[in-house]
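Inside the fold
Spelled out, the chains give:
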Amino acid sequence: MEGQKILITGTAGQIALPMTRHFALNNEVWGLARFSQPGSKEQVEEAGAIPHKADLASGELNGLPDDFDYVIHMAAFMAATPDYDFALTQNAEATGLLMAHCRNAKGFLHASTAAAYKNNTDHTYVYAEGDPLGDSEQPYSETYGVTKMAAEAVARTMCRLYDLPTVIGRINVAYGQNGGLPAILLAMMTNGMPVPLKDSEPNMFSPVHEIDMCAHAEAFLEGATVPATIVNWGGDENVSIEDMCRRMGAQVGVEPDFQYFPVGTHSRAYDSAKRIAMTEECTMSWQDGIDDMVAAWDPEQGARMIARLMGEG
């Protein structure tokens, strides 16, 4: 993709920042965010994008252009507080307001989540796009699953209302040198903390590296449809959290301490056939992806992650 005008929301985030760098190489990229964290605006500028400060949920877009060729909506609200009304405004209403503003785009990519699926108690169950949805009440944010599911409904409606070609990608475990769940687990392991998991081994997921996500995003935008296309956005391979931790631990000299509880995040192994048909296969195996992340690991960054997890920063 070259010579396009692209808007990326939540552009200072874990997934969106590498995506911003990728698209800014050959396109005019605008990065929309609240830029509430110190240095986040400068990060987006260094990534080659034009930063634009706005709050999507308020509807006040501060003069944001409306002539984007493509939109990648990565911004999401996730909090431990059980304020469903606020979370609906942030995740669902904001999506509709953004799509109305960018109604003339050639393609719109809405980032959703594996948390939209109804939990299946079988750890080895493989989720497909047509599987039941339900409030999975993720332990890190009870409002997240249901309000992201509501955001999907809004995106589907706006897609049809404005004839705006749309893809809704339900993100699995996204990771890379810029962070993600494996990085959090590595931080826990290297700081002497146990790895909390649900029920028993294996806890299965479909990790997808940030490098592949950039390529997938291009294919999704170019293949966007009316009505919206729903697709599982994960990697080609299903792997357990336990195996990922063992591989990370072997490289940093730490033995993972797995502890199992009756509550926690359910497994989310994906059927990726539909995504592969749209994007072709991933270039990064889960093993190579983990190795790439560990090679760039910064122990000080890990300590900061733990401080945030513990509410200390």
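All of the points below concern the structure found in this document.

Quick notes on the rules
- Residues numbered from 1 in each chain as written.
- Predicted model: local features only at pLDDT ≥ 70, side-chain atom pairs only at ≥ 80, totals over all residues.
- Heavy atoms only, no water.
- Helix = DSSP H or I, 4+ residues; strand = E, 2+ residues; numbered from the N terminus.
- Contact = heavy atoms within 4.5 Å.
- Polar contact = N/O pair within 3.5 Å; in protein donor to acceptor, adjacent residues only side chain to side chain.
- Axes fitted to C-alpha atoms, helices over the stretch in contact; angles between N-to-C directions.
- Parallel < 35°, antiparallel > 145°, perpendicular 65-115°, else oblique.
- Left-handed = near helix turned anticlockwise from the far one by under 90°.
- Nonpolar A, V, L, I, M, F, W, Y, C, P; charged D, E, K, R; others polar.
- Expected span 1.5 Å × (residues − 1).
- Buried < 20%, exposed > 50% of the residue type's maximum accessible area, 1.4 Å probe, protein only.
- Arc of directions from axis to C-beta.
- Pairing = 2+ DSSP bridges.
- Right-handed = clockwise from strand over helix to strand, strands pointing away.

Remarks on the environment of R246
- Inspection of the secondary structure puts R246 in helix α7 (residues 241-252).
- Measuring from C-alpha to C-alpha, the distance between R246 and Q177 comes to 18 Å, with 69 residues separating the pair along the chain.
- Not counting chain neighbours up to four residues away, the residues in contact with R246 comprise E201, P256 and F258.
- At 3.0 Å, the side chain of R246 forms a polar contact with the side chain of D243.

Re unusual backbone geometry
- For the bond from E201 to P202, the omega torsion is 5 degrees, close enough to zero to count as cis.
- With respect to the secondary-structure elements, P202 resides in the loop between β10 (195-198) and β11 (204-205).
- The phi dihedral of D163 falls on the positive side, at around 55 degrees, and the residue is not glycine.

A word on the packing of helix α5 (residues 181-190) against helix α9 (residues 286-295)
- Viewed as axis vectors pointing N to C, α5 and α9 meet at an angle of 55 degrees, and their least axial separation amounts to 11 Å. The angle between α5 and α9 places the two elements in the oblique class. Taken as a pair, α5 and α9 cross one another with a handedness that is right-handed. Of the residues in α9, those in contact with P182, A183 and L186 of α5 are I290, M293 and V294.
- Along the lines of polarity and charge, the residues of the contact of α5 with α9 split into six nonpolar, no polar and no charged.

Topic: helix α4 (residues 144-161)
- Taking 1.5 Å as the rise per residue, α4 with 18 residues should run 26 Å; its terminal C-alpha atoms sit 25 Å apart, in good agreement.
- Among the residues making up α4, those that are buried are Y144, G145, T147, K148, A151, E152, A155, M158 and C159. On an axial view of α4, the arc spanned by its buried residues comes to 165 degrees, and they lie on one face. Turned more than 90 degrees away from the buried face of α4, the exposed residues are R160 and L161.
- On its buried face, α4 sits against α3 (84-101), β5 (107-113) and β7 (166-171).
- Immediately downstream of α4, the backbone of D163 shows phi near 55 degrees, a positive value.

Regarding the pairing of strand β1 (residues 5-9)
- With respect to burial, β1 is a largely interior element, five of its five residues being buried.
- Pairing analysis gives five bridges linking β1 to strand β2 (residues 28-33), with the strands arranged parallel. From the neighbouring strand, I8 faces β2, where its bridge partner is G31.
- Crossover handedness for the path β1 to helix α1 (residues 16-24) to β2: right-handed.
- Direction of pairing for β1 relative to strand β4 (residues 70-73): parallel, over a ladder of four bridges. Considered in β4, the bridge of L7 is made with V71.

None of the figures reported here should be taken as evidence of function without further support.
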